[in-house]
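These are the residues of each chain, in order.
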Amino acid sequence: MEMRLTLVNAVIATIACAVLMFLLRAFPFILFSKKKPPRILRFIEKYIPAMVIGVLIVYCLCDAKYLTFTQRPWGIPAVTGAALTAVLHLWKGNSMISIFSGTIAYMLLEYFI
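Residues numbered from 1 in each chain as written. Predicted model: local features only at pLDDT ≥ 70, side-chain atom pairs only at ≥ 80, totals over all residues. Heavy atoms only, no water.

(A) The packing of aromatic side chains, seen in detail. The full count for this structure, using the stated rule, is two aromatic pairs. Arranged with centres 4.9 Å apart and planes meeting at 80 degrees, the rings of tyrosine 111 and phenylalanine 112 form a pair that is edge-to-face. Grouping residues by exposure puts tyrosine 111 and phenylalanine 112 together as exposed. (Phe/Tyr/Trp six-rings, centres within 6.5 Å; stacked < 30°, edge-to-face > 60°. Buried < 20%, exposed > 50% of the residue type's maximum accessible area, 1.4 Å probe, protein only.)

Here it is as structure tokens:
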């Protein structure tokens, strides 16, 4: 049995999601407006972004076709894109330039190789 979402239900769901998202984003500011956050939260704030980037790099480069070197494009686009992103970020220090350039290089190499 197929249930269809009416316009009223869709609007209510959208408003509920928007209010929930706002409250989730505002919660840390409300909670820590008068006091300093605990040490564990400061640790997480400092080190989690680098850990997430590390996990994403490993996830992106762990595909089997990059490890065997038997299938085209032999991992060249992924390794080149990651290396270009790292070099540009270290050189320019601009996340947008490095991410977009690495992505464009990856896509072009994936298409042409």
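(B) Seen up close, the packing of helix H4 (residues 76-92) against helix H5 (residues 95-112). Between H4 and H5, whose axes approach to 8 Å, the crossing angle comes to 160 degrees. Classed by the angle they form, the pair H4 and H5 counts as roughly antiparallel. The handedness of the crossing between H4 and H5 is right-handed. Touching Ile76, Pro77, Ala78, Thr80, Gly81, Leu84, Thr85, Leu88 and His89 of H4 are Ser95, Ile97, Ser98, Ile99, Ser101, Gly102, Ala105, Tyr106, Leu109 and Glu110, all from H5. Its residues assigned to classes, the contact of H4 with H5 shows ten nonpolar, eight polar and one charged. (Axes fitted to C-alpha atoms, helices over the stretch in contact; angles between N-to-C directions. Helix = DSSP H or I, 4+ residues; strand = E, 2+ residues; numbered from the N terminus. Parallel < 35°, antiparallel > 145°, perpendicular 65-115°, else oblique. Left-handed = near helix turned anticlockwise from the far one by under 90°. Contact = heavy atoms within 4.5 Å. Nonpolar A, V, L, I, M, F, W, Y, C, P; charged D, E, K, R; others polar.)

(C) Examining a nonpolar patch on the surface more closely. A cluster of nonpolar side chains, Ile40, Leu41, Phe43, Ile44, Tyr47, Ile48, Met51, Val52, Ile53, Leu56 and Ile57, forms an exposed patch at the surface whose accessible area comes to about 970 Å². Of note, isoleucine 40 is situated in helix H2 (residues 39-61). Owing to a relative accessible area of 56%, isoleucine 40 belongs among the exposed residues under this scheme. (Patch = residues over 30% accessible without salt bridge, like charges linked within 9 Å, V, L, I, M, F, W, Y side chains within 5 Å. Areas by Shrake-Rupley, 256 points an atom, 1.4 Å probe, with all protein chains shown as cover. Salt bridge = Lys/Arg side-chain N within 4 Å of Asp/Glu carboxyl O.)

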